[in-house]
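Close look at the chain arrangement
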Amino acid sequence: MGSDLTRSSRAETPLTAAVSAGRWIRRAAVDGEHGRHWKANPDPRGRSALNPAEPASLYAGAAGIVLFFLELADATGHEAYLEDARAGARYLASTWQDQTDLSLHHGLAGTVFALAQAGWVLGDGRFEEAAVAAADRVVRGVRAVDGGVGWSRDPAQRGDGGIVLSLLHASTILGVPAYGELAVEAGGRIAEQAVPGHLFGDCPDLPADAVTPGFLSGTAGTAFLMARLYGVTGQARFLEAARRGAGFVRAVSTVAGECAVVPHHLPQGRDLHYLGFCSGSAGVARTFYELYRVSGDAGDLDWAERLAHGIVRSGAPQRRTAGLWNTSCQCCGTAGLLELFVGMWAVTGKDKYLEFARTLAEDLIGRGTDHDGRGLRWYQAYRRLRPGEVSADTGYMVGAAGIGAALLHLDAALQSDAARRVILLPDNPFPAIPVPPAVLRRPIGEQNAG
């Protein structure tokens, strides 16, 4: 595994915090004949927030951790992190056939994304070949669904929506137009729904008649997909479907002045406002920015800003609400908020967003723990309804890899005189170089002064 690259017992900046998180994740490595994966939680008697664990997934396993190490290598210049990523990519390339879930965050479509990124960054054609083989397996899994084609009846990003996003990305980075063609065909079925979105009544821990307007399992995320397909194809049917979904989200949101918040579910959870990525403002804001990006309608950007303002008005991160409880991860915690505010700064150039991103990062670093000198990790109650289940995970959407990646994205934004590319998942619409174009155009002396 190589030697530790830092001996610091306490991180003080986004970069050193990410490096320290990398130290802890490296201690979770499990090497075998197929390469390397990582324990979900290497602490003594540690257990994962997810049960069962997902050793390969983008959400909580090797695919997400590979992405983190690719970014950490670029941010630090240490090639040892590239070897971590390479070992993880070997594991994915050797074991993708074992995955039965085809979805983006929890299954094979996420492995395709990670392998394609690894092949591109590492210059290793074997990983790209494995990505193509895995993507072909996803394509073979398509079937007739409700008069069209798909993989399930769930149009949300946790289901078919995420697979479509993955195939759109794979079509471009792997150079296989057929992937994009299938993605458009599958998206066409979703676009025909009156309000494209969640398969109502099929969400764990919710009433059978609940409607979810959020991002990962709800209407907003599906509207995002429709907007993305419009941007790719220019077909009006996708923009119309995105507008129907976004209109529903606006209609059920609570608006006060320049602020807006989204209910977690309807009708029972109208007053429960998540702030994070999966079901709250940080995810829903992505939908409205994507609509702005592909259509140029300033009203969509206004709504993205309203949702961001609602997060600030809530008192986050210091004030913990029912929608931002004891959780720090990308999915439902502070790291997901950090991704939003770095992105909003990059697209608007408004300093208030970068300053709030700094505040979020300071809170994240302060909540991290390195009590044994093994590296930074975050203990959290991943499930809001089970506050006594506290654990620390290594994975991307649920643990230290994703928190570290969010901190690296802020670090990249703060280094505008040496702008670098970051790796963003297919559901992130913000710039891969997280710096406003106006800042990039300034002379170097002015950038440093700002």
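Residues numbered from 1 in each chain as written. Predicted model: local features only at pLDDT ≥ 70, side-chain atom pairs only at ≥ 80, totals over all residues. Heavy atoms only, no water.

The name recorded for the chain in an unreviewed UniProt entry is Lantibiotic modifying-like protein, from Planobispora takensis.

**Quick word on helix H4 (residues 108–122)**
Spelled out, the test is: Helix and strand assignments follow DSSP, with helices taken as H or I runs no shorter than four residues and strands as E runs no shorter than two, numbered in order from the N terminus. By definition here, a helix of n residues has an expected span of 1.5 Å times n minus one. Only protein chains enter the calculation, and the probe is 1.4 Å; a residue is then buried if its accessible area is under 20% of its type maximum, exposed if over 50%, and partly exposed in between.
With 15 residues, H4 should reach 21 Å at 1.5 Å per residue; the first-to-last C-alpha distance of 21 Å fits that figure. Along H4, 13 of the 15 residues are buried, which leaves the element largely enclosed by surrounding structure. Just downstream of H4 lies Gly 123, where phi reads positive at about 65°.

**Considerations on unusual backbone geometry**
In this structure, the amide linkage connecting Leu 266 to the following residue, Pro 267, adopts the cis form with an omega of 0°. A cis amide bond, omega 0°, links Ala 316 with the succeeding residue Pro 317. Tracing the sequence through the fold places Pro 317 in the loop between helix H11 (298–313) and helix H12 (334–348). Its identity is not glycine, yet Asp 146 carries a phi of approximately 50°, on the positive side. Within the secondary structure, Asp 146 sits in the loop between strand S3 (143–145) and strand S4 (148–150). Classification of Asp 146 as exposed rests on a relative accessible area of 51%.

**Brief notes about helix H5 (residues 125–140)**
Basically, it comes down to this: By definition, the arc is the one covered by directions from the helix axis to the C-beta atoms.
Along its 16 residues, H5 runs 23 Å from first to last C-alpha, staying within 8% of the 22 Å computed at 1.5 Å per residue. Phe 127, Ala 130, Ala 131, Ala 134, Ala 135 and Val 138 are the residues of H5 that are buried. The arc that holds every buried residue of H5, seen down its axis, measures 135°, which confines them to one face. Exposed and facing more than 90 degrees away from the buried side of H5 are Arg 126, Glu 129 and Arg 140.

**Section: empty space enclosed by the protein**
How we decide: Only protein atoms enter the calculation, which uses a 1 Å grid: trapped sets of points that fit a 1.4 Å probe without letting it out are cavities, open sets showing protein on both sides within 12 Å along at least five of seven lines are pockets, and any residue with an atom within 4 Å of a point is a lining residue. Grid points are joined across faces, edges and corners, and a volume is the space filled by probe spheres set on the points. Charged residues are taken to be Asp, Glu, Lys and Arg, nonpolar residues to be Ala, Val, Leu, Ile, Met, Phe, Trp, Tyr, Cys and Pro, and polar residues to be all remaining types, Gly included.
All told, the structure shown has 3 cavities of 30 Å³ or more when counted by the stated rule. The space that makes up the largest cavity amounts to roughly 80 Å³. Phe 277, Arg 286, Gln 330, Glu 339, Tyr 396, Met 397, His 409, Ile 423, Leu 424, Leu 425, Asp 427 and Asn 428 are the residues that line the largest cavity. Tallied by class, residues from the lining of the largest cavity come to 6 nonpolar, 3 polar and 3 charged. As a volume, the second largest cavity reaches approximately 50 Å³. Lining the second largest cavity are Glu 339, Val 342, Gly 343, His 409, Val 422, Leu 424, Asn 428, Phe 430, Pro 431 and Pro 434. With 3 residues, the single largest contributor to the lining of the second largest cavity is H12.

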